[in-house]
Amino acid sequence: MKSLAKSNRHPNQSGRLIAATTLSALGLLSYLQYSSQSYLGYSVSDILLIAASITAGLPIAKNALSSLRYKIIGIDLLVAIAIIGAIIIGEYWEAAAVSILFTLGHYLEAKALHKTRNALESLVNEIPDVATVERAGQQTTVKSDEIRSGEIVVVKSGQKIPVDGRVVEGDASINQATITGESMPVDVSIGDYVYSGSILSAGFIRVASDRVGDNTLLSGIIELIEEAQDAKAPTQAFVERFSAYYTPAIILLSLVIYFISRDVYMSLTLLVVACPGALVIAAPVSMVAGIGNAARRGILVKGGEAIENAKAATVIAFDKTGTLTEGEPRVSSVKTFGTPRRTLLGLAASAEYYSEHPLGKAIVDYTTGETTSMIVQSSKTKVITGYGVMAKINGVRVLVGSPRLLASYKVPISGTAQSYLDRQQNLGQTTVLVASDSKVIGVISVTDHLRPGVKQLIARISKNSNMLVVMLTGDSMAVASSIACQAGIKQFYSELLPADKLTRITELQQQYGKVIMVGDGVNDAPALAAADLGIAIEGVGKDIAMDTADVVLLSGNIVKLDYFLSLSQAVVRNMKTNIYFAVGLVTLLLIGVLTENVIMSLGMLIHVVSVILVIMNASRLIQFGGRHNA
């Protein structure tokens, strides 16, 4: 994995650090014991300190030269010039101290940054090394990456599931915390879908492999988190652009100070204390820690920009069906107009049989529960997004959908049917018209329910942020009003097609600023893409809108949205604290150098300490647990 490779960026640093520190210690001891002895004009102490400077400083000089080839003037160049200059003017102790402290800072930085990525490493460790598969009628142990799609994998109590697939035998209780962030076990049996990295708490199952190796959901999550931790947030990109101008400016300033004061030591010291190390890592270390924290909670964040946009947003827009509501509506009543009930349900279910829409699924499930004899295969089915379905059944055209669908096919709605529609909608019911052969034959009423915790979620968002909360839905005004009232949302827009939602998002952006769109990642793709931050609410068993949304709540638990918003606030606040601290410290050090109150080695020591403090501050985000400790 890329992230694990990155943690070893400086594999020889510890060895060089020990060698250079030993040489410096011997140099100091030699100075105290044999200060009068010299060879070729250099004392034993000087020779040992120069050797220490070269041992620790050689990689710094190599990195500086490598960067210069790409026209990059970085921190390494500042330090390399300072070390070489200190040796030239005879400040051997300062040269050794600067090189050792800078190397120590790099080493500690790499170790600490690796710690902030521990959420990703823990995900990698959840992938089992070996698995038991059935081949030629025998159970065989193989490496997990050798499992082939379609093979039967045997998983026993206490083992990790190595593939994504469907249970073909057995019952078990599994822990899916790796995928969903939920610690409560889930019971699975024949026909249920399970995921790589899940742990079998109790039971025994045989799983038919569907996605294996790098194609599993867990591998996809790991890859996206790696990319997210490497992606640059706007603030980080700005700091890096600033550093690209800042570093050459410091070199120029040191030259100006030399020509004015003729003090080489002061100029070299300024190069050391002006190192923007803490500033450069101030943003990325906070982002990496925040993204890792979110991953452990089953929240997939695709980059630092998503976190910054969450903090800066002024509007949060929610889709209704499948987002605020459970997305599994149930048929509440059936009204017929001159057609037997079984016939009506049979035609409606036949038309909706292959539909992925929640309303269509509710009709099919309800009809299947009553009778399957009336469900027949349609010869032609056409889904009109936002309107409904048209199907040809036994040569007859059947329409199932909204009044707009019937209007588009010029099918009139009788006064009796319209009156019934109005009554149902006033009760907050979602109504589906059924027409056969250009005549309305019935109305099927469907109800959906709020997801658990939605009302409390909306209340917390309204209380803890200044964001305007709105709801976007394709349902009628009456249904939208009912759900909005239950959820505690004061502003909503109803009867919207997917394209209309996109238009509303654009209008909200123009009127209020940055907008968050929260949807189910299916019909809301255009709006999710258009919003400044798209958040998809997905449940296990669905494809997780990785291509469209910037953030995905993997467990389908919308309550986690409040955690993500509070985490985003904490990350941005942490990042700004780091930046202000780094800039303030460099300013004070520059003043100290110019007033001759800061020496070179002390300046580098403070530089190293500042880097460590920035990393320690960012590491607090790893343990962040919600608004109570924000």
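This is a predicted model, so every value here is computed, not measured. (Residues numbered from 1 in each chain as written. Predicted model: local features only at pLDDT ≥ 70, side-chain atom pairs only at ≥ 80, totals over all residues. Heavy atoms only, no water.)

### Some remarks on the overall build of the chain
Counted only if it meets this: Helix and strand definitions here come from DSSP, where helices need a minimum of 4 consecutive H or I residues and strands a minimum of 2 consecutive E residues; each element is numbered from the N-terminal end. Exposure classes here rest on a 1.4 Å probe applied to the protein chains alone. A residue is buried below 20% of its type maximum, exposed above 50%, and partly exposed in between. In this analysis, two residues are considered to be in contact whenever any of their non-hydrogen atoms come within 4.5 Å of each other. Exposure was quantified through the Shrake-Rupley algorithm and a 1.4 Å probe, taking into account, for residues, occlusion by the shown protein chains and nothing else.
Summing up its helical and strand segments, the chain has 23 helices and 22 strands in all. Among the 630 residues that make up the chain, the fraction classed as buried is 51%. Sequence-distant contacts in the chain: of pairs separated by 6 or more residues, those separated by 24 or more amount to 68%. Element-wise, carbon and sulfur atoms account for 56% of the exposed surface of the chain, whose accessible area totals about 28,500 Å².

### Observations regarding the nonpolar core
Our working definition: Each nonpolar core is a collection of buried residues, namely Ala, Val, Leu, Ile, Met, Phe, Trp, Tyr and Cys, held together in the definition by side-chain atoms within 4.5 Å.
In this structure, Ile316, Phe318, Ile535, Leu561 and Phe564 are the most contacted members of the largest nonpolar core, which totals 59 residues. When residues in this core are grouped by element, the largest group, 11 residues, is from helix α22 (residues 560-594). Apart from the residues within four sequence positions on either side, Leu561 is in contact with Ile316, Phe318, Leu457, Ile461, Val518, Ile535 and Leu553. The next biggest cluster of nonpolar side chains, apart from the first, holds 35 residues, and it includes Ala80, Val98, Val273 and Ala274.

### Some words on the sheet that holds strand β17 (residues 440-447)
As a reminder, the rule being used: One requirement defines pairing of two strands: DSSP has to find at least two bridges between them. Angles run from 0 to 180 degrees between N-to-C directions of axes, and those axes are lines fitted to C-alpha atoms, restricted for helices to the stretch in contact.
Within the open sheet, the 6 strands sit side by side as β12-β17-β16-β15-β14-β13. Their pairing is antiparallel. Taken across any chain shown, the strands that pair with only one partner, and hence form the sheet edges, are β12 (330-336) and β13 (380-384). If you compare each strand with its neighbour and ignore which way they point, the axes differ by 15° on average. With 5 bridges joining them, β13 and strand β14 (residues 388-393) adopt antiparallel strand pairing. Paired with Thr381 across the strands is Ala391, a residue of β14.

### Description of the packing of aromatic side chains
Defined as follows: The criterion for an aromatic pair is that two Phe, Tyr or Trp rings (for Trp, the six-membered ring) have centres within 6.5 Å, with stacked assigned to planes under 30 degrees apart, edge-to-face to planes over 60 apart and tilted to the rest. Only Lys NZ and Arg CZ are tested; either one counts as a charge over a ring when it is within 6 Å of the ring centre and within 35 degrees of the ring normal.
Within the structure shown, the criterion is met by 4 aromatic pairs. Ring plane angle 50° and centroid distance 5.8 Å describe the contact between Tyr563 and Phe624, whose orientation is recorded as tilted. Of this pair, Tyr563 sits in helix α22 while Phe624 sits in the segment after α23 (600-619), and the two are 61 residues apart along the sequence. For the pair formed by Tyr563 and Phe624, the shared burial category is buried. Lying across the ring of Tyr387, Arg404 places its NZ or CZ 5.3 Å from the centre.

### Structural notes on helix α14 (residues 341-352)
Just so we agree on the cut-off: One fewer than the residue count of a helix, multiplied by 1.5 Å, yields its expected span.
Over its 12 residues, α14 runs 17 Å from end to end, which matches the ideal 16 Å to within 8%, given 1.5 Å per residue. Along α14, the residues that are buried comprise Leu344, Leu345, Gly346, Leu347, Ala348, Ala349, Ser350, Ala351 and Glu352.

### So, the side chain of Asn578
Tracing the backbone shows Asn578 in helix α22. Residues contacting Asn578, with those up to four places away along its chain left out, are Ala282, Val285, Ser286, Val614, Asn617 and Ala618.

### With respect to the sheet that holds strand β18 (residues 468-472)
Spatially, β10-β22-β21-β20-β11-β18-β19 is the arrangement adopted by the 7 strands of the open sheet, whose pairing is mixed. Each having just a single partner strand, β10 (299-301) and β19 (491-493) make up the two edges of the open sheet. Within this sheet the neighbouring strands show an average axis-to-axis angle of 20°, counted without direction. Pairing of β10 with strand β22 (residues 551-553), which is carried by 3 bridges, proceeds in the antiparallel orientation. From the neighbouring strand, Ile299 faces β22, where its bridge partner is Leu553. Packing of helix α12 (residues 304-312) onto the sheet brings it into contact with β10, β20 (515-519), β21 (533-537) and β22, and relative to β21 it is tilted by some 100°.

### Focus: the pattern of salt bridges
Rules: Here, a salt bridge means any Lys or Arg side-chain nitrogen found within 4 Å of an Asp or Glu carboxyl oxygen.
As enumerated under the stated definition, the model contains 9 salt bridges in all. Between Glu151 and Arg148 there is a salt bridge, with its nearest N and O atoms 3.2 Å apart. Connected through shared salt-bridge partners, Glu134, Glu169 and Arg206 make up one network.

### Points about a positive patch on the surface
Cut-off, in case you're wondering: Only residues whose relative accessible area exceeds 30% and that form no salt bridge enter a patch; like-charged residues are grouped when within 9 Å of one another, and nonpolar side chains (Val, Leu, Ile, Met, Phe, Trp, Tyr) when within 5 Å. In this tally Asp and Glu are treated as negative and Lys and Arg as positive; neither His nor the chain ends contributes. To locate a charge, the coordinates of NZ of Lys, CZ of Arg, CG of Asp or CD of Glu are taken.
Positive charge collects at one region of the surface, where Lys311, Arg573, Lys576 and Arg620 lie side by side. As for its placement among the helices and strands, Lys576 is situated in helix α22.

### Points about unusual backbone geometry
The residue Asp437 is not glycine, and still its phi comes out positive at about 55°. By the secondary structure assignment, Asp437 is in the loop between β16 (430-436) and β17. Residues other than glycine seldom take positive phi values, yet Ser438 does so here, at roughly 65°. Given a relative accessible area of 40%, Ser438 falls into the partly exposed group.

### Focus on the environment of Leu553
Along the polypeptide, Leu553 turns up in strand β22. A relative accessible area of 0% means that Leu553 is categorised as buried. Along the sequence, Leu553 and Ala294 sit 259 residues apart, while their C-alpha atoms lie 9.6 Å from each other. Filtering out sequence-adjacent residues up to four positions away, Leu553 remains in contact with Gly298, Ile299, Ile535, Ala536, Ile537, Glu538, Ile558, Lys560 and Leu561.

### Side note on the pairing of strand β4 (residues 138-143)
Examined bridge by bridge, strand β3 (residues 130-135) and β4 share 6 bridges and lie antiparallel to one another. What sits directly across from Ala131, in β4, is Val142.

### Let's talk about the confidence of the model for the chain
Note: predicted coordinates in regions of low pLDDT should not be interpreted at a detailed level. Counted only if it meets this: Each residue gets a pLDDT score, which is the predictor's confidence in that residue and runs from 0 to 100.
When pLDDT is averaged across the chain, the result is 81; 85% of the residues are at 70 or more. Overall, residues 1-11 carries pLDDT values under 50, and its contacts beyond four positions in sequence, including any with other chains, amount to 14 contacts.

### A look at a nonpolar patch on the surface
A contiguous nonpolar patch, built from Phe581, Ile599, Leu602, Leu605, Val609, Leu613 and Met616 and spanning about 570 Å² of accessible area, is present on the exposed surface. Counting residues per element, the nonpolar patch draws most heavily on α23, which supplies 5 residues. Checked against the element boundaries, Ile599 lands in the loop between α22 and α23. By relative accessible area, Ile599 is classed as partly exposed at 43%.

### Points about the pairing of strand β6 (residues 164-175)
Looking at chain direction, β6 and strand β9 (residues 199-211) are connected through 11 bridges and run antiparallel. Paired with Asp171 across the strands is Phe204, a residue of β9. Looking at chain direction, β6 and strand β8 (residues 193-194) are connected through 2 bridges and run antiparallel. Residue pairing for β8: Gly165 is matched across the bridge by Val194. Examined bridge by bridge, β6 and strand β7 (residues 186-188) share 3 bridges and lie antiparallel to one another. Of the residues in β7, the one forming a bridge with Ala172 is Val188.

### A look at the packing of helix α3 (residues 44-69) against helix α4 (residues 75-88)
Convention followed: The scheme is simple: roughly parallel for angles under 35 degrees, roughly antiparallel for over 145, roughly perpendicular for 65 to 115, oblique for anything else. Rotating anticlockwise by less than a right angle from the far helix to the near helix defines a left-handed crossing, while the corresponding clockwise rotation defines a right-handed one.
Between α3 and α4, whose axes approach to 8 Å, the crossing angle comes to 135°. One way to sum up the angle between α3 and α4 is to call them oblique. Helix-helix and strand crossings are classified by hand; for α3 and α4 the assignment is left-handed. Contact residues: α3 offers Ser53, Gly57, Ile60, Ala61, Asn63, Ala64 and Leu68, while α4 offers Asp76, Leu77, Val79, Ala80, Ile83 and Ile87.

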